[in-house]
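These are the residues of each chain, in order.
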Amino acid sequence: MDGKENQTKQNTQPETSNGKSAVLGLQHLLAMYAGAVAVPLLIGTGLNFNSEQMTYLISIDIFMCGIATLLQLTVNKFFGIGLPVVLGCAIQAVAPLIMIGNDKGVGAIYGSIIASGIFVVLVSGIFSKIKKLFPPLVTGTVITVIGLTLIPVAVEKMGGGLASASNFGDSTSLLLAFVTIGLIIVVQVWGKGFIKSIAVLVGLVGGTILAAILGQVDLAPVGDATWFHFPQPFYFGTPTFDVSSIVLMIIISIVSMVESTGVYFALGDITGKRIGEQELKKGYRAEGLAVILGGIFNTFPYTGFSQNVGLVQLSGIKTRRPIYYSAFFLIALGLLPKVGAVAQIIPEPVLGGGMLVMFGMVAVQGMRMLSKVDYNNDKNLLIIAISIGFGLGFNMIPTLFQQMPETVRMFTGNGIVMSSLTAIILNLLFNGLKGEETAEGL
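Residues numbered from 1 in each chain as written. Predicted model: local features only at pLDDT ≥ 70, side-chain atom pairs only at ≥ 80, totals over all residues. Heavy atoms only, no water.

Some remarks on unusual backbone geometry
Alright, step 1. The phi torsion at Phe 234 lies on the positive side, around 55 degrees, for a residue other than glycine.
Alright, step 2. Of note, Phe 234 is situated in the loop between α10 (220-224) and α11 (243-271).
Alright, step 3. Although it is not a glycine, Asn 298 adopts a positive phi angle of roughly 65 degrees.
Alright, step 4. Its location among the elements puts Asn 298 in the loop between α12 (277-296) and β2 (302-304).
Alright, step 5. The exposure class assigned to Asn 298 is buried, which follows from its relative accessible area of 0%. (Helix = DSSP H or I, 4+ residues; strand = E, 2+ residues; numbered from the N terminus. Buried < 20%, exposed > 50% of the residue type's maximum accessible area, 1.4 Å probe, protein only.)

Written out as structure tokens, the structure reads:
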């Protein structure tokens, strides 16, 4: 099946109305909003940015998430994978970028990002040819680990945000989190049609309303935000091109491509679209272009957001139209920080409850992909067991490798990276490149 047939197959899926698509797009935005702003917050804090710089960083980040998503949605001969995928800042880039900024300056951060984006565009064709490295055995394992790795983040938010806080896990936070989860369950189980498809949004809105009644909603972010903010190229100055920084960001970009590959295959599995070399190549190119634009407008590298995979699965709406709305909403929010700040009033416990459901759905999608694996082959069992063990274990205890060099710790401290590399290497060692056709039912 070629790219044209793939597109035709996806277009045969029923489209939702514009109104329903807009609401679904809003749900996708809320699902990724916290993760999207986390990266600029962490990096800006690590580099001691002032409040004005932080405001720009967060606003332009949201704006560019929308632009990056549009690049991926818009299918043409050069770029765009055409899946209902939302792009956001790659969390694995946080530590390396803080290190580059502190050692080489902010200019080196954006020079390395631009260079890594160019690298992704140039190697997209080569990287797409190694699709056989990612059979369901590998991608299913990675997606499962991604979901399971993210669940503790959701649980921490359910307790109020920081496990070290004195009021962590107080009764109000737990009430808000579990009411949100309960609402999602009720709507998902007993809801009908469109209402059922927006279960997560209903849960988030309902949880926020309860929080407002309990006096737990803070409107200060809306009052403090400016009305309009326009993107400025090279806001933080002229980029500089340091070789060691560029190499480091290229490595991180490869890791992001591996993670995005898992997201693409998961969405392809959900939507029934076969992901071949051409689709992967155009998907990588779209990411590369987004990374280049991120460097120019002083944001960060982009990758497919796995949390939105859970929403596609949960809502049952598998077309791109809601994601187009989500992209436009992101662009609008990036231009209007005061409007965008509204999403920040959702209390941490409410977000945590919604995130727990979505991240769990991501893990379940990975398990569904693993159902295609031949478990009569003990080698496959061993690959999955070790890959999941490394992924979860090293992520929980990253200090295991604290005596190793910084470049080694950068990989071993990221459970998703370790799971991906382990699954790929062990699958090649035990199975080679055979069996991929059968595994995907081609």
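Some details on a nonpolar patch on the surface
Alright, step 1. Judged by side-chain polarity, Leu 175, Val 205, Ile 209, Ile 213 and Leu 214 come together as a nonpolar surface patch covering roughly 470 Å² of accessible area.
Alright, step 2. Residue contributions to the nonpolar patch peak at three residues, all from helix α9 (residues 199-213).
Alright, step 3. Residue placement: Val 205 occurs in helix α9.
Alright, step 4. Residue Val 205 is classed as partly exposed on the basis of its relative accessible area of 43%. (Patch = residues over 30% accessible without salt bridge, like charges linked within 9 Å, V, L, I, M, F, W, Y side chains within 5 Å. Areas by Shrake-Rupley, 256 points an atom, 1.4 Å probe, with all protein chains shown as cover. Salt bridge = Lys/Arg side-chain N within 4 Å of Asp/Glu carboxyl O.)

A closer look at the packing of aromatic side chains
Alright, step 1. Under the defined criterion, the tally for this structure stands at eight aromatic pairs.
Alright, step 2. Seen in terms of ring centroids, Tyr 110 and Phe 236 are 6.1 Å apart; in terms of plane orientation they differ by 5 degrees. Their pairing is stacked. Taken together, the positions of Tyr 110 in helix α5 (residues 106-128) and Phe 236 in the loop between α10 and α11 put the pair 126 residues apart, joining distant regions of the chain.
Alright, step 3. Taking the centre distance of 6.2 Å and the plane angle of 25 degrees together, the rings of Tyr 110 and Phe 300 count as stacked. On the criterion of sequence distance, the pair formed by Tyr 110 in helix α5 and Phe 300 in the loop between α12 and β2 is long-range, its members being 190 residues apart. Comparing Tyr 110 with Phe 300 shows no difference in burial state: the two are buried.
Alright, step 4. The rings of Tyr 110, Tyr 235, Phe 236 and Phe 300 are connected pair by pair, giving a single aromatic cluster. (Phe/Tyr/Trp six-rings, centres within 6.5 Å; stacked < 30°, edge-to-face > 60°.)

Some thoughts on α9
Alright, step 1. Look at α9: 21 Å from first C-alpha to last across 15 residues, which is about the 21 Å you get at 1.5 Å a residue.
Alright, step 2. Of the residues making up α9, those classed as buried are Ala 199, Val 200, Leu 201, Gly 203, Leu 204, Gly 207, Thr 208 and Ala 211.
Alright, step 3. Following α9 by one or two positions, Gly 215 adopts a phi angle in the positive range, close to 75 degrees. (Expected span 1.5 Å × (residues − 1).)

Here's the deal with the pattern of salt bridges
Alright, step 1. In the structure shown here, the tally under the stated rule is two salt bridges.
Alright, step 2. A salt bridge links Lys 104 to Asp 242, with the nearest nitrogen and oxygen atoms 3.9 Å apart. A residue pair is termed long-range when its members are at least 10 positions apart, and Lys 104 in helix α4 (residues 94-104) and Asp 242 in the loop between α10 and α11 qualify at 138 residues.
Alright, step 3. A residue is classified by how much of its surface remains accessible, and Lys 104, at 46% relative accessible area, is partly exposed.
Alright, step 4. What makes Asp 242 partly exposed here is its relative accessible area of 21%.
Alright, step 5. Across the pair Lys 157 and Glu 348 runs a salt bridge whose closest N-O atoms are separated by 2.9 Å. Taken as a pair, Lys 157 in helix α6 (residues 136-158) and Glu 348 in helix α16 (residues 348-370) lie far apart in primary sequence, 191 residues in all.
Alright, step 6. Classification of Glu 348 as partly exposed rests on a relative accessible area of 32%.

Thoughts on the nonpolar core
Here is a general trend for soluble globular proteins: nonpolar side chains tend to be buried in one another's company.
Alright, step 1. The biggest cluster of nonpolar side chains holds 98 residues, and the ones touching the most others in it are Ile 43, Leu 97, Phe 300 and Tyr 302.
Alright, step 2. Ranked by the residues each element gives to this core, the list is headed by helix α3 (residues 51-73), at 12 residues.
Alright, step 3. Residues lining this core come from more than one domain, with at least three contributed by each of domain 1 (18-373) and domain 2 (374-431).
Alright, step 4. Core analysis: the next-biggest nonpolar cluster, separate from the first, contains eight residues, Leu 137, Leu 370, Ile 383 and Leu 426 among them. (Core = buried A, V, L, I, M, F, W, Y, C linked by side-chain atoms within 4.5 Å. Domains from an automatic or database assignment.)

Regarding the environment of Ala 332
Alright, step 1. Take Ala 332: it is sitting in helix α14 (residues 321-335).
Alright, step 2. By relative accessible area, Ala 332 is classed as partly exposed at 33%.
Alright, step 3. When the C-alpha positions of Ala 332 and Gly 66 are compared, they lie 8.6 Å apart, and in sequence the two are 266 residues distant.

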